[in-house]
Amino acid sequence: MSRKLKNRMFLVFCWSSLGFSAFVLLLLISTIIWNGFQSVSLEFITQPAARFGAEGGVLYQIFGSLLLVVTAAVLAFPLALGTAIYKSEYLKNKRIQRLSDILIYGLNGIPSVMFGIFGLILFVNVLNTGISWFVGSIILGIMILPTLVLTAYQSINSIPQHYRESGLALGMNKWQVNTQVLIPMGIHGALTGLLLGLARAIGETAPIMFIATAFSGAGIPGSLLEPVATLPTHILALAQQATDSAALQNAWGASLVLIALVGMFSVSALYFRIRYKTSVIR
Amino acid sequence: MNKTASNLKIYPQNRPGPNCFRVKNFSVRISNTLILKKLNLSIERNMIHCIMGPSGAGKSTLIRCFNRISDETDQLSTDGKIFYKGQNIFGRSQDTSELRRNVGMVFQKPAVFPKSIRENVLMGVQYHKKLNRVEKLQLAEEKLKAVSLWNEVSHRLDEPARSLSAGQQQRLCLARTLAVEPDVILLDEPTSALDPVSAREVENLMLRLKNDYTIVFVTHNIQQAYRIADHVTFMCEGKIIESGTKDQIFSRPNHQQTKNYLNEDFCDC
């Protein structure tokens, strides 16, 4: 086979892969947009659900989903940043480093329903918290922790060594170098990871369906131990009433809202990555 | 130029003895490879001491030990002593932050922090000294003038330091080091990442600063050593081949290796 032909075939393969991936994505998104648009309106996103979701909107579901993931971010981000700094700056033992990698990748590989079961057993049954949105946030926080740790670690660890040494050579101690040099330089990468983690967390159903959500009657929670309504669990419940065409229609609408929220997180992550791309001299 | 130089003399220092550093039987290993082999060397005050040699000679390893930034290198172990002001800096009681306040360092590549030009100058000193707003402004101006950067940046002190050219960034790094008011400045090939004009500017700065500071300058560039050095140490393969005044090393070197290196720019030790 001639060199040129090989080259040509490889190019065709790459292009068709790209085309196929884009096609699947477009098909999915356009179906949701096509079906969802018929029910999405200003009222749909500003009114609470009525008649078990067959009428009304998804206001409390949007609120509940955002509350869960924002709290998860507040809980998980400092922990992830601390872990990443420890891993990058203090952990010198190669064996423990490898062990920590295994643990983090392992945590990342656990199916999300396991997190739900774990939360159900530990919090709801053993600690007797009942169905609580805060427990849901803790579980989501644990679930996105590996993504956050890995991106923050990558971002901090890739800062060239002479930045650390320049700080230390000015008589700064390690704490000052970490907080004044490394965190400001690495925070954008860590925030990108956070947004990607949140984009994943907001769409998750399995980890929160047993422990944090209620289908009907949940509004704005008055305490940490009350359930909330969320978009993914709402979609699940509506889709199960498939005989009711009004409910099914609203499931499409809720899906569109959810996709839009995920898209917002992803686009802001992309924006952060481009806007604050660290221009360092290597 | 003279005025700036005299401005710098506002920090009189007690300087016991003529030697600044005394290196005694000093060896360095990095993961069991012997990098520096039983070195003995004296570095005198208020001079430019150039450490010259081919790459891989151990120049950088040696200079990085003078402020113990070598601690940051993995699996590096030392043997022997380096005295600074009569005290072994590898002794147990040595506070490395304190040492680095007195022994500043500028690296091969400029590493300006993602902050404004002014904040970069004040980055180190703000942790060592309480300064009010006015003092901070004065200090920033004084140090930027000392590195001849003031005229170029005085109108944009609050702009990100990243916006400067590489040569300007390197001078900013030097200003930042001067702001801590060290006694010694270590420079590890500070001009190798710069264009020739910027490199000359840094060299001229060194010549001005040597009245007030002890300067240790690592270079692989023979011409550069000839232009600025008072004292030259020639290193090769982790050993000090020869050390002496500039005239002595360049006009009548004692060792054949030094002659070879000076004449042919290569070393067969």
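Our subject is the structure listed above.
Each value, and the rule that gives it
Residues numbered from 1 in each chain as written. Chains lettered and ligands numbered in written order. Predicted model: local features only at pLDDT ≥ 70, side-chain atom pairs only at ≥ 80, totals over all residues. Heavy atoms only, no water. Contact = heavy atoms within 4.5 Å. Buried area = accessible area lost by both parts, 1.4 Å probe. Salt bridge = Lys/Arg side-chain N within 4 Å of Asp/Glu carboxyl O. Polar contact = N/O pair within 3.5 Å; in protein donor to acceptor, adjacent residues only side chain to side chain. Helix = DSSP H or I, 4+ residues; strand = E, 2+ residues; numbered from the N terminus. Pairing = 2+ DSSP bridges. Buried < 20%, exposed > 50% of the residue type's maximum accessible area, 1.4 Å probe, protein only. Axes fitted to C-alpha atoms, helices over the stretch in contact; angles between N-to-C directions. Parallel < 35°, antiparallel > 145°, perpendicular 65-115°, else oblique. Left-handed = near helix turned anticlockwise from the far one by under 90°.

Enquirer: Go over the interface of chain A and chain B, please, and point to the residues and values.
Expert: Taken together, the 23 residues of chain A in the interface contact 27 residues of chain B. Together chain A and chain B conceal approximately 2200 Å² of surface at their shared face, both sides included; 60% is due to carbon and sulfur atoms. Between the two partners, chain A and chain B, sit one salt bridge. At the boundary of chain A with chain B, the tally comes to three residue pairs in polar contact (both at pLDDT 80 or more). Elements represented by at least two residues in the side of chain A that touches chain B include exactly α7 (161–169) and α8 (174–202) of chain A. Take the side of chain A that touches chain B: its biggest share by element is eight residues, from α7 of chain A.

Enquirer: Please set out the sheet that holds strand β2 (residues 33–44) of chain B residue by residue, giving values where relevant.
Expert: Residues and elements named next belong to chain B. Strand order in the open sheet formed by four strands is β2-β1-β4-β5, and the pairing between neighbours is antiparallel. Either end of the sheet is taken by a strand with one partner, and the two such strands are β2 and β5 (87–88). With two bridges connecting them, strand β4 (residues 76–84) and β5 associate as antiparallel partners. Looking across to β5, one finds that Tyr-84 is bridged to Gln-87.

Enquirer: Explain unusual backbone geometry residue by residue, including any values.
Expert: All names here are of chain B. A positive phi is found at Asn-46, a non-glycine position, where the angle reads about 50°. In this model, Gln-75 sits at a positive phi of 60°, which is unusual for a non-glycine residue. Note on placement: Gln-75 falls in the loop between α2 (59–66) and β4. Gln-75 sits in the exposed class, given a relative accessible area of 62%.

Enquirer: Tell me about the packing of helix α1 (residues 3–37) of chain A against helix α11 (residues 245–275) of chain A, and name the residues and values.
Expert: Residues and elements named next belong to chain A. The contact between α1 and α11 brings their axes to 8 Å, and the two run at 125°. As judged from the angle between their axes, α1 and α11 are oblique. Read as a crossing pair, α1 and α11 show a hand that is left-handed. Contacts from Thr-31, Ile-32, Ile-33, Asn-35, Gly-36 and Phe-37 of α1 reach α11 at Gln-249, Trp-252, Gly-253, Ser-255, Leu-256 and Ile-259.

Such coordinate-based values are descriptive only and should not be taken to indicate function.
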